[in-house]
Amino acid sequence: LMVNGQAMARDLDFSVLGTSGSAKFEGPLAFAGFATERGKNGYNSFGPGETNETQFAGKAVLVLRYEPFDDKGRSQWGDGGAWTDASSLRSKLRAVSKRGPGAIILVSPPGVDDARANILENAESTRQGAKLDVPVIMVNAATGEALARAGGTTLAELVKKANTLAADTSGIVELPDAKLVVEAKTKNEATMINNVGAVIKGKGELASSYVIVGAHMDHLGYGSFGSRGGAKANGLLHPGADDNASGVAGMLQVASELSASYAAMAADASARSVILVAFNAEESGLIGSRYMVNHMPVPG
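Structural notes, computed from the coordinates.

With mixed pairing, the 8 strands of this open sheet are ordered in space as β2-β1-β8-β4-β5-β6-β7-β3. Across the chains shown, the open sheet's two edge strands, defined by having one partner strand only, are β2 (6-7) and β3 (14-16). Looking at chain direction, β3 and strand β7 (residues 136-139) are connected through 3 bridges and run antiparallel. Each residue of the ladder has a partner; that of Ser 15, found in β7, is Met 138. Running over the sheet, helix α3 (residues 155-163) touches β4 (23-31), β5 (60-64), β6 (103-107) and β8 (173-184) and is turned about 70 degrees from β5.

Summarising the sheet, strand β1 (residues 2-3) and β8 pair through 2 bridges and their orientation is antiparallel. Residue Val 3 lies in a different strand from β8, and its bridge partner there is Leu 180. When β4 meets β8, the two strands line up antiparallel, connected through 9 bridges. Directly across from Gly 27, in β8, lies its bridge partner Leu 180.

A few words on the nonpolar core. Counting residues in each nonpolar core, the largest one holds 39 residues, and the members touching the most others are Leu 29 and Ile 105. Elements represented by at least two residues in this core include exactly β3, β4, β5, β6, β7, α2 (141-150), α3 and β8. At 6 residues, the largest contribution of residues to this core is made by β8. Ala 32, Phe 46, Ala 95 and Leu 132 belong to the second-largest nonpolar core, a separate cluster that totals 18 residues.

What follows covers helix α5 (residues 287-294). Those residues of α5 not exposed but buried are Gly 288, Ser 289 and Met 292. The arc that holds the buried residues of α5, viewed along the axis, is 95 degrees, so those residues lie on one side. Opposite the buried face of α5, at more than 90 degrees from it, the exposed residues are Val 293 and Asn 294. Buried residues along α5 sit in contact with β10 (210-216) and β11 (273-279).

Overall, the coordinates contain 4 aromatic pairs when judged by the stated rule. Between the aromatic rings of Tyr 66 and Trp 83, the centroid separation amounts to 4.9 Å while the plane-to-plane angle is 25 degrees, which identifies the pairing as stacked. Taken together, the residues Tyr 66 in the loop between β5 and α1 (89-97) and Trp 83 in the loop between β5 and α1 connect sequence positions 17 residues apart. When its relative accessible area of 1% is taken as the criterion, Tyr 66 is described as buried. The buried category is assigned to Trp 83, whose relative accessible area is 19%. Its end group placed over the ring of Trp 83, Arg 74 keeps NZ or CZ at 5.9 Å from the ring centre. Over the ring of Phe 46 we find Arg 99; its NZ or CZ atom is 3.8 Å from the centre of that ring.

Taken in spatial order, the 3 strands line up as β9-β11-β10 in an open sheet, and their pairing is mixed. The two strands at the open ends of the sheet, each matched to only one other strand, are β9 (196-200) and β10. Each strand axis lies, on average, 15 degrees off the axis of its neighbour in the sheet, ignoring direction. In the sheet, β9 pairs with β11 via 5 bridges, with the strands oriented antiparallel. Among the inter-strand pairings, Ala 198 is bridged to a residue of β11, identified as Leu 276. Sitting on the sheet, α5 is in contact with β10 and β11, with an inclination near 145 degrees to β11.

What counts, and where the lines are drawn
- Residues numbered from 1 in each chain as written.
- Predicted model: local features only at pLDDT ≥ 70, side-chain atom pairs only at ≥ 80, totals over all residues.
- Heavy atoms only, no water.
- Pairing = 2+ DSSP bridges.
- Helix = DSSP H or I, 4+ residues; strand = E, 2+ residues; numbered from the N terminus.
- Contact = heavy atoms within 4.5 Å.
- Axes fitted to C-alpha atoms, helices over the stretch in contact; angles between N-to-C directions.
- Core = buried A, V, L, I, M, F, W, Y, C linked by side-chain atoms within 4.5 Å.
- Buried < 20%, exposed > 50% of the residue type's maximum accessible area, 1.4 Å probe, protein only.
- Arc of directions from axis to C-beta.
- Phe/Tyr/Trp six-rings, centres within 6.5 Å; stacked < 30°, edge-to-face > 60°.
- Lys NZ or Arg CZ within 6 Å of the ring centre and 35° of its normal.

Next up, the structure:
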């Protein structure tokens, strides 16, 4: 990243996010506030009217994390100051990307009350969502201020405008005096993982017939992406919940009861075999279950 000819340091002043494309951009800057299309009471960072697919053509776009907040640094829209879905990073990137930017730059606004506000997210912590065709980076507050001042204003003034934007008005601020060079190079590397399974053998004439009991096992692993803990969660155990934990717990309960039931069956009983399997890579698109369907461990 270069701002008006001054080079910024990677992983100190800025970082490349996980949804970034491998591309280079050179040109001016525009500010898009919180990049919110449908906020409370008619709030729309991009202004009224239909989506303009060339609104940011030839420009990098500076985007604020979170959503409009009060003087205590808490959300203006959520109950008790809690952040709403409008603060989602994925929705911000989607909203900006469909308006034709040359690059997207994320910054946490000064004055916000959130534990992640001083964290510079990285490629691993932001891997969720579709990969874009343009550079997507996050900058720290000092670099955000440098971007604003290069454009002839301050970050605080830009944040104030976004916080007080009236309904049916545009929050876009052109910053043509800020000249940027943004370049990102990314690559995807596959991580091989396994499904985990077991078989309760049946008896008699039905033993060669199988019933499959499965559950979704994976969630966020060691917190490398998608964790609410942000970059601080990277490397820490991040167990799943709800569909993950309850599904596998249910499967294990079935396994326990079936094992006891089969062990108590008469020697001449007839019962189907049961395959119990915890599917991995389900968060990435049902990969584990699809693999098993295509590579059944028993004759089909």
